[in-house]
Amino acid sequence: MRLGACLGTILIFFCTTVGAGEYDFTIPEADKKPYELGGRMEFRYIYHWLDEDSDRYRLIYYQDDPGADTHEWRTLAELSGSYRQGIFQVNLLAHFEYVDGYLEEAWDNKIYEGYVSLAPSPQLTLDAGKKLVLWGKGYAWNPAGFINRPKDPDDPALNLEGRPLLGLDLIRSYTAGHLANIGLTALLLPVIDDWGNQDLGEEGDLYAALKLYLLWYDTDFDFIYFDGPDQPRSVGFDFAKNLVENFEVHGELAYRLDALHLVIDEDGTVEQTREDQLSYLLGIRYLNAFDTTFIAEYYHNGAGYSQNELDDFYTYQESVSDQWQATGNASVMQRANQSTRPYYQQRNYGEDYFYLKISQKEPFDILYFNPWVASVVNLQDFSFNLQPGMTWTPVTNLELNLRVGIPVGPPQTEFGEKPDVLRPEVWVRYYF
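None of these values were measured; they are calculated from a predicted model.

Asker: Please explain the packing of helix α3 (residues 307–327) against helix α4 (residues 330–339) as it appears in this structure.
Answerer: In a pair of packed helices, the angle between the axes and the distance between the axes together describe the arrangement. For the pair α3 and α4, interaxial distance at closest approach is 8 Å and the crossing angle is 160 degrees. As judged from the angle between their axes, α3 and α4 are roughly antiparallel. Crossing geometry of α3 relative to α4 is assigned as left-handed. Taken together, the residues of α4 that come into contact with α3 (itself represented by Tyr-316, Val-320, Ser-321, Gln-323 and Trp-324) are Ala-330, Val-332, Met-333, Arg-335, Ala-336 and Ser-339. Here the contact of α3 with α4 is built from residues that sort into 7 nonpolar, 3 polar and 1 charged.

Structure follows, in structure tokens:
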């Protein structure tokens, strides 16, 4: 009923926006093939220099003893294609990946996207199938992207798995006035076994998401709503605006009602509470005259843990590690792995963070070479991850990448407890 009322209100507003005439035009398309085929191959090597004194290391490797380092190899192939006939279009993205590492050796074969689109007019599109959804304006985090897959802001070419959905997109444009565009996206997301959305709830559950888009005063706005059986009712807002040609500001705000919050005390007791969670992000993107790009963001994580809660968490993790080393009883580590999962399921489980990325286009006139450095700082304990990297495209469609993750911090801090002391990785991508 809440969803119906919300959708009805938005549709009434959408259909009665008449301050200016609707702007519609059609550009004749050049003749082109009804189908498109493409893909990429990737070979990635990751070296893990391990921190054997980290409690997190012991929690991961308590059953084994890998020593000072491990190696990980990943081979990936992705095939994409689309076919258009009249108002119909079929899209497919298949992902095949082989992982050979110390903890696992397995194939991961998935259909990342497979959906049908119907566009009876330029203003209306209907989608059915598995499709990627990326909502929000942030680079490092998207607190208002309630149905987003976790992304890597330092590897934007990385494809992500879509979600099974039924979707509707409406858009209208106007020739005069401060409101230039208005759009509505409505999604139904079922939980289907072996197909997707299991992270949202149980088999047979149905979730709904709405996004109202406005281009007003040359500023992009999104108003987002998400609800369903096993997820907290959530509302969000984001914006992005170019203050000048080379300076952009963006932000997000998210409010989750009656969300589950699990806390571990220093004795390992898990307490479940319900709380309203407010998260927000504010960031900038600046390009200077030397082709240097700066991206900076502040993020408050409403689902994160306070410093007192984290102190208890680290104390529990340390005591479990000491108990296991003294007794050899693996059951305590198994219980700890289960109880600490709510913390480690979050990409960053603290409350306040700062992200900075600086990238330089073609320094010293080296063509198609782009070095960069990025860092995520936990503003509670001031531990951080430093990550230099580079991308070089020596020939068309061939991309060489390198980055090194360097977590820095004392024990019992977020990045000080990472299992790796150093994590360099190199990968080669070929697009076709």
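Now that the structure has been shown, the text picks up again.
Asker: Teacher, can you tell me more about a negative patch on the surface here?
Answerer: Residues Glu-52, Asp-53, Asp-64 and Asp-65 make up a contiguous surface patch of negative charge. Counting through the fold element by element, Asp-64 comes out in the loop between α2 (55–61) and β2 (69–85).

Asker: What exactly am I supposed to notice about the packing of aromatic side chains here?
Answerer: The geometry of an aromatic ring pair is captured by two quantities: the separation of the ring centres and the angle between the planes. This structure, assessed with the given rule, holds 26 aromatic pairs. Where Trp-216 meets Phe-221, the ring centres are 6.3 Å apart and the plane angle is 50 degrees; that geometry is what we call tilted. Judged by centre distance (5.4 Å) and plane angle (50 degrees), the rings of Phe-313 and Tyr-314 are tilted. Residue Phe-313 shares its accessibility class with Tyr-314, and that shared class is buried. Through successive ring pairs, a cluster of aromatic residues spans Trp-216, Tyr-217, Phe-221, Phe-223, Phe-237 and Phe-239. Over the face of the ring belonging to Trp-427 we find Arg-44, whose NZ or CZ atom lies 4.0 Å from the ring centre.

Asker: Even after reading the chapter, I still don't get the environment of Ala-330, so can you show me in this structure?
Answerer: Tracing the backbone shows Ala-330 in helix α4. For the pair Ala-330 and Trp-141, spaced 189 residues apart in sequence, the C-alpha separation works out to 36 Å.

Here is what the cut-offs are and how they apply
- Residues numbered from 1 in each chain as written.
- Predicted model: local features only at pLDDT ≥ 70, side-chain atom pairs only at ≥ 80, totals over all residues.
- Heavy atoms only, no water.
- Axes fitted to C-alpha atoms, helices over the stretch in contact; angles between N-to-C directions.
- Helix = DSSP H or I, 4+ residues; strand = E, 2+ residues; numbered from the N terminus.
- Parallel < 35°, antiparallel > 145°, perpendicular 65-115°, else oblique.
- Left-handed = near helix turned anticlockwise from the far one by under 90°.
- Contact = heavy atoms within 4.5 Å.
- Nonpolar A, V, L, I, M, F, W, Y, C, P; charged D, E, K, R; others polar.
- Patch = residues over 30% accessible without salt bridge, like charges linked within 9 Å, V, L, I, M, F, W, Y side chains within 5 Å.
- Areas by Shrake-Rupley, 256 points an atom, 1.4 Å probe, with all protein chains shown as cover.
- Salt bridge = Lys/Arg side-chain N within 4 Å of Asp/Glu carboxyl O.
- Lys, Arg positive; Asp, Glu negative; His and termini not counted.
- Charge placed at Lys NZ, Arg CZ, Asp CG, Glu CD.
- Phe/Tyr/Trp six-rings, centres within 6.5 Å; stacked < 30°, edge-to-face > 60°.
- Buried < 20%, exposed > 50% of the residue type's maximum accessible area, 1.4 Å probe, protein only.
- Lys NZ or Arg CZ within 6 Å of the ring centre and 35° of its normal.

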